[in-house]
Number of protein chains: 2
Amino acid sequence: MRIGELSRRTGVSVPTIKFYVREGLLPAGELTSPNQASYGEAHVRRLRLIRALLDVGGLSVAAIRGVVMAVDDPAQSVHEVLGAATGPMVPRYDREPGGGIEEARKGVAGLIAARGWQAHPSSPAAEALAVALVALDEVGHGQFVEVLDAYADAAEGVARADLDYVAHHVAREELVESAVVGTVLGDAIFSALRRLAHMDASDRMFGQAAEGGGAG
Amino acid sequence: MRIGELSRRTGVSVPTIKFYVREGLLPAGELTSPNQASYGEAHVRRLRLIRALLDVGGLSVAAIRGVVMAVDDPAQSVHEVLGAATGPMVPRYDREPGGGIEEARKGVAGLIAARGWQAHPSSPAAEALAVALVALDEVGHGQFVEVLDAYADAAEGVARADLDYVAHHVAREELVESAVVGTVLGDAIFSALRRLAHMDASDRMFGQAAEGGGAG
């Protein structure tokens, strides 16, 4: 197809498509004449991935370039590509980790070992967890680690549901796009559900439900 | 205490403390002479809350002003203050919701009713959930709603753990600060754990463990 049709199919404007080609995010079309190029289904899929990373993931153009390079590298396994694609989307804090970071890292490594997770203790997710635990400790909530197993149980449940979905609904060539979208939107969905569940718990603890319970 | 000691106790610089007073985030100290003010424990707690909202929550000064106004309003119940404090921290997308938003809102209201949650279907969290579901649908993953109950189960488990922690470890005057910190850092902790659990699941599905399993 020509670039105009690619634009219509994907909802991405022609100048933006050209920008993605210049930036190395999207392969150039096949030249059919000196000033005309032809695009295929792979371009449609790639544009969808780019828009998902940009709109849903909030990634920078530089970060997206890293993801598509991993996707395009035949030497990388699906497992590695999934890690490269979803690794940059770990929520991070701008702050430097404080003094307790080494101890927190040991705690995270211990948790991973105790749960039997095949996950590297030096992965970005493990580091993000350690940094968050240090931040909690710094604001006086170091004892929160006591409830970490409840969080890990919930994370296993959600990860199982995610993989079940992937196994039943996702074609192999769309695996990376789905992993990116699912990782980011799954976070948003879970955090929204967690707040709804908090509202319910807060209502029962501090709201009218609690008052009604006290009177009854 | 004088402003210098308040600065040392909280790690917030004197000019920054003065900025917070000018912006209405921190009450002014009690004047003990025309150019000297005295600060108390309430100022220490308030500065911790402001730093938590800023550093951990990533909130703007304007958003923090809204939170501290809710905290200071005696007409608001603890339940309302918790909602006001944690409401602005629902992750949002910049995009406008697409055409399916009304249907998604009905789906969210149905989920809240089915789970028996005391949570309003027009709350920011419910709206954030509806927007995320529309975004999923737009990228071709509308069937993801099938696994939403697994997410809701996990969210209930985490919310229970959060409230257990609050009930056992948090003094009433620190409830709002803890709710803010716990809401934001809890999201970060959960998303990091979810990624670690994904790595484990991906390894078993696509990695060496899967290959080993196939050979055995």
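See the structure shown above.
Quick look at the structure, then. (Residues numbered from 1 in each chain as written. Chains lettered and ligands numbered in written order. Predicted model: local features only at pLDDT ≥ 70, side-chain atom pairs only at ≥ 80, totals over all residues.)

The next subject is the overall build of chain A. Along its length, chain A carries 10 helices and 2 strands. Shown N-terminal to C-terminal, the secondary structure of chain A runs as helices and strands in the order α-α-β-β-α-α-α-α-α-α-α-α. Each principal axis of the C-alpha distribution contributes one length, and for chain A these read about 80 × 45 × 35 Å. Across chain A, contacts joining residues at least 24 apart in sequence account for 60% of those joining residues at least 6 apart. (Helix = DSSP H or I, 4+ residues; strand = E, 2+ residues; numbered from the N terminus. Contact = placed C-beta atoms within 7 Å.)

To continue, consider helix H7 (residues 124–138) of chain A. Taking 1.5 Å per residue, 15 residues should reach 21 Å; H7(A) reaches 21 Å between its end C-alpha atoms and fits that length. Summarising burial for H7(A): 12 of the 15 residues are buried, a large majority. By the burial criterion, the buried members of H7(A) are Ala125(A), Ala126(A), Ala128(A), Leu129(A), Ala130(A), Val131(A), Ala132(A), Leu133(A), Val134(A), Ala135(A), Leu136(A) and Glu138(A). Residues of H7(A) that are buried sit in contact with helix H6 (101–115) of chain A together with helix H3 (41–56) and helix H9 (175–206) of chain B. Two residues or fewer past H7(A), Gly140(A) is found with a positive phi of approximately 90°. (Expected span 1.5 Å × (residues − 1). Buried ≥ 20, exposed ≤ 12 C-beta atoms within 10 Å, placed from the backbone.)

Chain A puts 72 residues into the contact, and the matching count from chain B is 72 residues. Here the element with the most residues in the side of chain A that touches chain B is helix H9 (residues 175–206) of chain A; it accounts for 23 residues. Residue composition of the side of chain A that touches chain B, by class: 43 nonpolar, 15 polar and 14 charged. (Nonpolar A, V, L, I, M, F, W, Y, C, P; charged D, E, K, R; others polar.)

This part is about the relation of the copies chain A and chain B. Aligned on chain B, chain A shows an RMSD of 0.0 Å; the corresponding rotation is 180° and the shift along the axis is 0.0 Å. Here the copies are linked by what is in effect a two-fold axis. It is Ala154(A) whose C-alpha, among those of chain A, lies nearest the rotation axis, at 2.2 Å. Here 100% of the contact residues of chain A are again contact residues in chain B; the copies associate through an equivalent surface. (Least-squares fit on C-alpha atoms with pLDDT ≥ 70 in both.)

Our focus in this paragraph is the nonpolar core. Counting residues in hydrophobic clusters, the biggest one holds 128 residues, and the most contacted among them are Leu129(A), Ala132(A), Leu129(B) and Ala132(B). For Leu129(B), the contacting residues outside a window of four places in its chain are Ile189(A), Ala192(A), Leu193(A) and Val108(B). (Core = buried A, V, L, I, M, F, W, Y, C linked by C-beta atoms within 7 Å.)

Relative orientation and spacing of two packed helices are given, respectively, by the angle between their axes and the distance between those axes. All names here are of chain A. Where H6 meets H7, the closest approach of the two axes is 9 Å, and the angle between their N-to-C directions is 125°. The orientation of H6 with respect to H7, classified from their angle, is oblique. Between H6 and H7 lies a crossing whose hand is right-handed. Two secondary-structure elements touch here, H6 through Ile-101, Ala-104, Arg-105, Gly-107, Val-108 and Ile-112 and H7 through Ala-126, Leu-129, Ala-130, Leu-133 and Val-134. Across the contact of H6 with H7, the residue classes tally to 9 nonpolar, 1 polar and 1 charged. (Axes fitted to C-alpha atoms, helices over the stretch in contact; angles between N-to-C directions. Parallel < 35°, antiparallel > 145°, perpendicular 65-115°, else oblique. Left-handed = near helix turned anticlockwise from the far one by under 90°.)

On to helix H5 (residues 78–86) of chain A, then. Those residues of H5(A) not exposed but buried are His79(A), Val81(A), Leu82(A), Gly83(A), Ala85(A) and Thr86(A). Contacts made by the buried residues of H5(A) are with helix H4 (61–72) and H9 of chain A together with H9 of chain B.

This next bit is on the packing of H5(A) against H9(B). Where H5(A) contacts H9(B), the two axes come as close as 9 Å, and the packing angle between them is 160°. Considered as vectors, H5(A) and H9(B) are oriented roughly antiparallel to each other. By crossing handedness, the relation of H5(A) to H9(B) is classed as right-handed. Each of Val78(A), His79(A), Leu82(A), Gly83(A) and Thr86(A) in H5(A) lies in contact with H9(B), whose residues at this interface are Arg195(B), Met199(B), Ser202(B), Asp203(B) and Phe206(B). Along the lines of polarity and charge, the residues of the contact of H5(A) with H9(B) split into 4 nonpolar, 4 polar and 2 charged.

Before going further, it helps to examine the environment of Val56(A). Following the sequence through the fold, Val56(A) ends up in helix H3 (residues 41–56). Between the alpha carbons of Val56(A) and Gly186(A) there is a distance of 11 Å; along the sequence they are 130 residues apart. When near neighbours in sequence (up to four residues on either side) are disregarded, Val56(A) contacts Val181(A), Val184(A), Leu185(A) and Ala135(B).

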